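Observations on chain architecture
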Amino acid sequence: MNDGRTIAYFSMEIGFRADTPTYSGGLGVLAGDTLRSAADMRVPMVAVTLIHRKGYFFQHLDQSGHQTEEAVRWKVEDVLQPVDVRVNVSIEGRTVVLRAWRYDVIGRGDFRVPIFLLDSDLPENSTQDRALTDVLYGGDNRYRLSQEILLGIGGVRILRALGFDTIDRFHMNEGHSSLLTLELLDEQVRSRGGGAVTEEDIADVRRCCVFTTHTPVPAGQDRFPLDLVGQVLGPSLIHEMQQVFCCEGELNMTYLALNLSHYINGVAKKHGDVARHMFAEYKIDAITNGVHASTWASPSFVRLFDAHIEGWRDDNFSLRYALSIPPEEVWKAHLEEKKRLQDEVNRQTGAGMALDRLTLGFGRRAATYKRADLLFRDLDRLRAISRNAGPIQIVFAGKAHPRDEEGKRVIEAVYRAAEQLRGDISIAYLGNYDMNMGGLLTAGVDVWLNTPRSPMEASGTSGMKAALNGVPSLSILDGWWIEGCIEGVTGWAIEGTAADDAADADSLYRKLEGSVIPAFYNQQDAFISIMRHAIALNGSFFNTQRMLQQYVLKAYFE
Ligand SMILES: *Cc1c(COP(=O)(O)O)cnc(C)c1O
């Protein structure tokens, strides 16, 4: 099966199909978009992830916004091809047998990028071990560490068993797969006939590894206490690999990847700066994330681009020429998408949304730092803005991680605000946010709202999907928006502070009242001009085609 593939892309989650629950949010969607672009661009890549038979959960929301979760059972056989391969991985001293399934991402020229999904659900394994590849981000620390052993160490072994023995680069999409570096070190030592790890071995492995970090705060790093690591991974490894483990008393997956990668990057310019502060001893570059343009352009914008911008799929830079699409056609395409979304919202929630009203959208994981409820800090003020400047309506969506109680409370807070604003501002919360809904939402609202607590948003990608569809952002200046925002040209900035929610909300209200609502209701030409600039300046750049070109130049083939 080794057909000259030279880049192995490892990710704990990959959103390769909207309806297959192998992703939880931005990280997995980015991985899927990266592979879609690799297939389009014929980049010789192969990807590795876990199968997640029970997936990321199905979200139920009751009348007060209380979230409950249900496991999703998807029919693996309907989506994936079985692959006849088995490898062994040791977990807590037991031998766990791993198999793999294959899914091919097919590019524009029929070029294929295979994804191998690791699966421990085999009769040879104990009941406990059979469940190890079931749930994405489920279970306790021990479960997570076991999953990361299977992904990193099992993943390399599966690739070798399949004949991929000329891989030049191992790309770790976040630290969950860092343990692959230990397997590569082990291969290095074995190829010399054994002995201790040398500086040269480390240098050799480092040359092969690329690490993309996504977490701008230390609390977000994946860490395991050493006694747990000793039990699960084996005590000898820790002892032998002291040089590359960090830090006191724990295995830090971020540091492991940092120590063993020759190229390290953050996912936006600002995040590169933040990462260089966090990890001052390392050389860290930045490659800003993107989205796969033809996946995230909505049906009516695909038609519009096909009619006006020849070859936009093969050359996303040409979206720059969106500036010459007649304004009335942009508006018409937008109204089609707006109607598609509103019909769905009204059908699901009975919210009674109206096509001529300014619609704000907010769809993302319900993590507290994303502050879905920032808009509701002062309900009287919001009510007055909608009454005096022009009426607004708002669509929300997003899942909280099952163990994130605070995230769940944010959803409930949005429900409470919706209840209190009933009659003044209609607000809908759609359940079970996934990529399909993400596409519908980012294309069907008028303005995409983004209110993370700075500097927590490493990049963010949903605003890029919106931009492709001519939907400008009203966003805290953080992540990609620092690069994408030209005030009043591609959207609007909310001044973000690190700790002052009240000041951030104040800035949000002022922008909404003073700039966004007036542009929408009173200056339609100016508003459509912003829509076209969102496509031309941001859609043309914040895509995975440009992003992957940068990885090729800086990290893969340099
Ligand atoms: C794009 C997308 C995300 C990422 O959105 P952010 O703005 O980066 O938070 C998360 N979930 C789904 C379903 C998406 O489509």
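Keep in mind that what you see is a predicted model, and the values were worked out from it rather than measured.

On to the domain arrangement of the chain, then. Domain boundaries in the chain define domain 1 (7–290 + 547–556) and domain 2 (354–540). Contact with domain 1, which involves 34 residues of that partner, is made by 32 residues of domain 2. Buried surface at the junction of domain 1 and domain 2, both sides included, amounts to about 2,600 Å², of which 59% is carbon and sulfur. On the surface where domain 1 and domain 2 come into contact, there are two salt bridges. Across the salt bridge formed by Glu 69 and Lys 408, the nearest N and O atoms sit 2.9 Å from each other.

The amide bond that connects Ser 454 to the next residue, Pro 455, takes the cis arrangement and shows omega of 0°. Position of Pro 455 among the secondary structure elements: in the loop between strand E17 (447–450) and helix H17 (462–468). Unusually for a residue other than glycine, His 52 sits at a positive phi of about 55°. Inspection of the secondary structure assignment puts His 52 in the loop between strand E2 (45–50) and strand E3 (58–61). One non-glycine residue, Asp 110, adopts positive backbone phi at about 65°. Tracing the backbone shows Asp 110 in the loop between strand E6 (94–106) and strand E7 (112–119).

The ligand sits among 13 residues. The nearest are Lys 370, Gly 460, Thr 461, Ser 462 and Lys 465. Contact distances for the ligand include 2.7 Å between an oxygen atom and a side-chain N or O atom of Lys 370. A distance of 2.4 Å separates an oxygen atom of the ligand from a polar side-chain atom of Ser 462. Look at the ligand: alone it shows 390 Å² of surface, and the protein chains cover 95% of it. For the shell around the ligand, the elements supplying multiple residues, two or more each, are helix H1 (26–41) and H17. Of the domains in this structure, domain 1 (7–290 + 547–556) and domain 2 (354–540) are the two that each give at least three residues to the shell around the ligand.

Thresholds, definitions, all that
- Residues numbered from 1 in each chain as written.
- Predicted model: local features only at pLDDT ≥ 70, side-chain atom pairs only at ≥ 80, totals over all residues.
- Heavy atoms only, no water.
- Domains from an automatic or database assignment.
- Contact = heavy atoms within 4.5 Å.
- Buried area = accessible area lost by both parts, 1.4 Å probe.
- Salt bridge = Lys/Arg side-chain N within 4 Å of Asp/Glu carboxyl O.
- Helix = DSSP H or I, 4+ residues; strand = E, 2+ residues; numbered from the N terminus.
- Near = heavy atom within 4 Å.
- Polar contact = N/O pair within 3.5 Å; in protein donor to acceptor, adjacent residues only side chain to side chain.
- Areas by Shrake-Rupley, 256 points an atom, 1.4 Å probe, with all protein chains shown as cover.

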